[in-house]
Amino acid sequence: MRGAAVFVCLLLGWVGVATPRRLRGPQADRLAITLYYEALCPYCMEFVTTQLNPSMVRQDRLPFTDLTLVPYGNAMTNDDGNVECQHGVMECELNAWHACILEHHDIAQSLKLIACMMRGKKNRLDKCADHYQIDVGDVKNCKRTRQVNDILRKYGKETAKVSFQGVPAVALDNVYNADLSANLTDHFDAIFCAKYKEKFNKQLNNCQ
């Protein structure tokens, strides 16, 4: 397993015993997952596209997850009050696009769009929206009528509550642990299954 130092975009240059039962039906207990990330971090892009999204969509974990995405990562606010992102102005722009998606769409649609966009380093919103047939007019209006600093402000405040050395940083059940986060970036679905079973005494489908 690769070490946490390899996995993350670092701040370089920046100052029950009962037998588990199968869960069926539309309503379910939800395990909280919070992802702190930034749009152009290569490790974030890899995690979202190869670990998080396949688990949530292909393995159908999303109905059993309270998923929160926080597109800010290692960004900082300079003395002028402007957000500066680790991978430059384009990353701030893309983080803001992600934020507008999250503000105007539910988590299922948001994850589809964001995971699709993170398969490349350019703004793929139109292509991804067309692919999933999602109307993103409200997203475009959000980005057109607001400043990046304003859009990202609340995500910066959320990120400031957690102490991490790099992203992706994953909090499980509202708790961030650096070692667990590093393991989640490699084996997300397996750990999610185990923690869900441990917390709710329920076995999700397709869990080993």
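Whatever comes next refers back to the structure up there.
An account of the accompanying structure is given in this report. Being a predicted model, the structure only gives us computed values, none of them experimental.

## Regarding the packing of helix α3 (residues 89-104) against helix α6 (residues 137-145)
1) Next: Running from amino to carboxyl end, α3 crosses α6 at an angle of 130 degrees, the nearest separation of the two axes being 9 Å. One finds that α3 runs oblique with respect to α6. In this structure, α3 crosses over α6, and the sense of that crossing is right-handed. Of the residues in α6, those touching α3 at Glu93, Ala96, Trp97, Cys100, Ile101, Glu103 and His104 are Asp138, Val139, Lys140, Cys142 and Lys143.

## Points about unusual backbone geometry
1) Next: Of note, the bond from Val167 into Pro168 is cis; its omega dihedral lies within 30 degrees of zero at 5 degrees.
2) Next: Note that Pro168 resides in the loop between β7 (166-167) and β8 (169-172).
3) Next: Backbone geometry at Asp60 places phi at a positive 60 degrees, although glycine is not the residue there.
4) Next: Secondary-structure assignment places Asp60 in the loop between α2 (42-58) and β4 (65-71).

## Topic: the pattern of salt bridges
Side chains that differ in sign of charge can pair as their charged atoms come close.
1) Next: Enumeration according to the criterion identifies 9 salt bridges in this entry.
2) Next: Here Asp189 ties to Arg61 by a salt bridge, and the two come within 2.8 Å at their closest N and O atoms. Residue Asp189 is located in helix α8 (residues 178-200), and its partner Arg61 is located in the loop between α2 and β4; the two are separated by 128 residues in the primary sequence.
3) Next: For Asp189, a relative accessible area of 19% gives the class buried.
4) Next: Here Arg153 ties to Asp150 by a salt bridge, and the two come within 3.1 Å at their closest N and O atoms. Highlighted residues: Arg153 and Asp150, both in helix α7 (residues 148-160), separated by 3 residues, approximately one helical turn.
5) Next: For Asp150, a relative accessible area of 32% gives the class partly exposed.
6) Next: Linked by salt bridges that have partners in common, Glu103, Arg146, Asp150 and Arg153 make up one network.

## A look at helix α5 (residues 125-132)
1) Next: Burial in α5 covers these residues: Leu125, Cys128 and Ala129. Taken end-on, α5 shows its buried residues confined to a sector of 100 degrees, consistent with a single buried face. Of the exposed residues in α5, the ones pointing more than 90 degrees away from its buried face are Lys127, Asp130 and His131.
2) Next: Residues of α5 that are buried make contact with α3, α4 (107-117) and α6.
3) Next: Directly after α5, the chain includes Gln133, whose backbone phi takes a positive value near 55 degrees.

## Some thoughts on the packing of aromatic side chains
Given two aromatic rings, their pairing is described by the distance between the two centres and the angle made by the two planes.
1) Next: Per the stated rule, a full pass over the model turns up 7 aromatic pairs.
2) Next: Ring geometry for Tyr36 against Phe164: centres 5.9 Å apart, planes inclined by 40 degrees, an arrangement best described as tilted. Residue Tyr36 is found in strand β3 (residues 31-37), and its partner Phe164 is found in the loop between α7 and β7; the two are separated by 128 residues along the sequence.
3) Next: Here the aromatic rings of Phe47 and Phe188 are separated by 5.9 Å at their centres, their planes lie at 75 degrees, and the arrangement is edge-to-face. Separated by 141 residues along the polypeptide, Phe47 in helix α2 and Phe188 in helix α8 bring together distant segments of the chain.
4) Next: Taking relative accessible area as the criterion, Phe47 reaches 3% and is therefore assigned buried.

Conventions used here
- Residues numbered from 1 in each chain as written.
- Predicted model: local features only at pLDDT ≥ 70, side-chain atom pairs only at ≥ 80, totals over all residues.
- Heavy atoms only, no water.
- Axes fitted to C-alpha atoms, helices over the stretch in contact; angles between N-to-C directions.
- Helix = DSSP H or I, 4+ residues; strand = E, 2+ residues; numbered from the N terminus.
- Parallel < 35°, antiparallel > 145°, perpendicular 65-115°, else oblique.
- Left-handed = near helix turned anticlockwise from the far one by under 90°.
- Contact = heavy atoms within 4.5 Å.
- Salt bridge = Lys/Arg side-chain N within 4 Å of Asp/Glu carboxyl O.
- Buried < 20%, exposed > 50% of the residue type's maximum accessible area, 1.4 Å probe, protein only.
- Arc of directions from axis to C-beta.
- Phe/Tyr/Trp six-rings, centres within 6.5 Å; stacked < 30°, edge-to-face > 60°.

Structural measurements only, silent on function.
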